[in-house]
Amino acid sequence: MSGLLALLDDVAAIAKVAAASVDDVIGQAAKAGSKAAGAVIDDAAVTPKYLRGFSPARELPIVWRIAKGSFKNKLLFLLPAALLLSSFAPWAIAPLLMLGGCYLCFEGAEKIVHAASKTDSHDAEQTETMKSAAHLEEERAAGAIKTDFILSAEIMTIALAALPPANIWMQAASLAAVGIGITILVYGGVALIVKADDVGLHMAEESRFAIVRQVGRSIVRAMPRFLTALTVVGTAAMLWVGGAIIIHGLEELGLGWLGHEIKHLATFSSEEDGLGWRGPLGWLIEAGLSGVFGLAVGLALIPVVNRVLQPAFQLFRNPTRARSRN
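Nothing here was measured: the structure is a model prediction, and the numbers come from that model. (Residues numbered from 1 in each chain as written. Predicted model: local features only at pLDDT ≥ 70, side-chain atom pairs only at ≥ 80, totals over all residues. Heavy atoms only, no water.)

**Brief notes about the overall build of the protein chain**
Helix and strand counts for the protein chain stand at 12 helices and 0 strands. Going from N to C terminus, the protein chain has its helices and strands arranged as α-α-α-α-α-α-α-α-α-α-α-α. Per-residue burial for the protein chain yields a buried fraction of 35% across its 326 residues. Within the protein chain, contacts between residues separated by at least 24 positions form 77% of all contacts whose residues are at least 6 apart in sequence. (Helix = DSSP H or I, 4+ residues; strand = E, 2+ residues; numbered from the N terminus. Buried < 20%, exposed > 50% of the residue type's maximum accessible area, 1.4 Å probe, protein only. Contact = heavy atoms within 4.5 Å.)

**Remarks on the confidence of the model for the protein chain**
Across the protein chain, pLDDT averages 77, with 76% of residues at or above 70. No element of the protein chain has a lower mean pLDDT than helix H1 (residues 2-35), which averages 45, and none a higher one than helix H3 (residues 56-88), which averages 90. Taken as a whole, residues 3-24 scores under 50 in pLDDT and shows 2 contacts with residues more than four places along the chain or in a different chain. Counted against residues more than four places away or in other chains, residues 269-276, with its pLDDT under 50, gives 5 contacts. (pLDDT = per-residue confidence, 0-100.)

**Comments concerning the nonpolar core**
Val-63, Leu-104, Leu-175, Tyr-187 and Val-190 are the most contacted members of the largest nonpolar core, which totals 40 residues. Among the secondary structure elements, those contributing two or more residues to this core are H3, helix H4 (93-116), helix H6 (133-162), helix H7 (168-194) and helix H9 (210-252). (Core = buried A, V, L, I, M, F, W, Y, C linked by side-chain atoms within 4.5 Å.)

**Quick word on the side chain of Ser-290**
For Ser-290, the position within the fold is in helix H11 (residues 280-317). Once residues lying within four places of it in the same chain are set aside, the contact partners of Ser-290 are Leu-239, Trp-240, Gly-243, Ala-244 and Ile-247.

**Some points on the packing of H6 against H7**
Packing of H6 against H7 brings their axes to within 10 Å, and their N-to-C directions diverge by 135 degrees. As far as their axial angle goes, H7 and H6 are oblique. For the pair H6 and H7, the crossing hand works out as right-handed. From H6, Asp-148, Ile-155, Met-156, Ala-159 and Leu-160 reach across to H7, where they touch Gln-171, Leu-175, Val-178, Gly-179, Ile-182 and Tyr-187. Taken together, the residues of the contact of H6 with H7 sort by class into 8 nonpolar, 2 polar and 1 charged. (Axes fitted to C-alpha atoms, helices over the stretch in contact; angles between N-to-C directions. Parallel < 35°, antiparallel > 145°, perpendicular 65-115°, else oblique. Left-handed = near helix turned anticlockwise from the far one by under 90°. Nonpolar A, V, L, I, M, F, W, Y, C, P; charged D, E, K, R; others polar.)

**A look at the packing of helix H8 (residues 196-206) against H9**
Closest axis-to-axis distance for the H8/H9 pair is 7 Å, and the angle between their directions is 150 degrees. As far as their axial angle goes, H9 and H8 are roughly antiparallel. H8 and H9 meet at a crossing whose hand is left-handed. On H9, the residues that touch Ala-196, Asp-197, Gly-200, Leu-201, Met-203 and Ala-204 of H8 are Val-212, Arg-213, Val-215, Gly-216, Arg-217, Ile-219, Val-220 and Met-223. Residues that form the contact of H8 with H9 fall into these classes: 9 nonpolar, 2 polar and 3 charged.

**As for H4**
Taking 1.5 Å of rise per residue, the 24 residues of H4 would be expected to cover 34 Å, and the 35 Å separating its terminal C-alpha atoms lies within 8% of that figure. Residues Ile-93, Ala-94, Leu-97, Met-98, Gly-100, Gly-101, Leu-104, Cys-105, Phe-106, Glu-107, Gly-108 and Ala-109 constitute the buried set of H4. (Expected span 1.5 Å × (residues − 1).)

What follows is the structure, encoded as structure tokens:
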């Protein structure tokens, strides 16, 4: 009997240690995830634009497909890579993030160029119309998962930097908690956004109360404008995050003058009193200048990608076809 009681005491002690470890993981994950709030907002703003033009019945399946891709990005690829890089090659993190930032800048700038050119926009719409629904869904989902990979890399890197020193298993558990929690938050929010018009329509048609029907009609009328605005926000977010990643990477490489100047312009402080104001306006100035820099980088990359990298990639994938065109 005494042996059984001793065993139960040991089990209880182990359970307490395990519970404390779980609490530590959750606490660290919450603190680290809050540091990446900006990139989380960008991820949520970028995704809905990939769902435009699909039937309502396909919206949630596509969101779930992108969410699964995001889980894979964070847990199968980025989490092990982040732990390995932080342990064996921390110097490589900044250049790799800068490459991801360049991709975001390129994609954001390309969307602005297409939107500004009526011909390109019309041709793009015709091209998408000619594609089958399945092919278009495949293409959009792949593009969304690719963009999510870059944003997820930023989120996981920010979270890793925010974690206190700990053994690799605690870091892995905390990063996994960050990845799972943020993915649920982002794509749960995206699902609510894209189905809001259906909810509004149901309220407008089925409710017995006039006030509820009025709210439903207001939601239906507002959602197209809201989604258009969200597309604009998503493009701006790509440029802001991409530019900020590159600027931060330059600082890590010892070229911090640009980041210093942007922060100086974004703060309303004087050397005499040492006071600084880091309110919403200062944040907007810093984000706006980072976005302008990101747009400049993206515009510079467009001819490089279209005339050099894409032809080289096509030649690598299919050398026979590329030679026949020449």
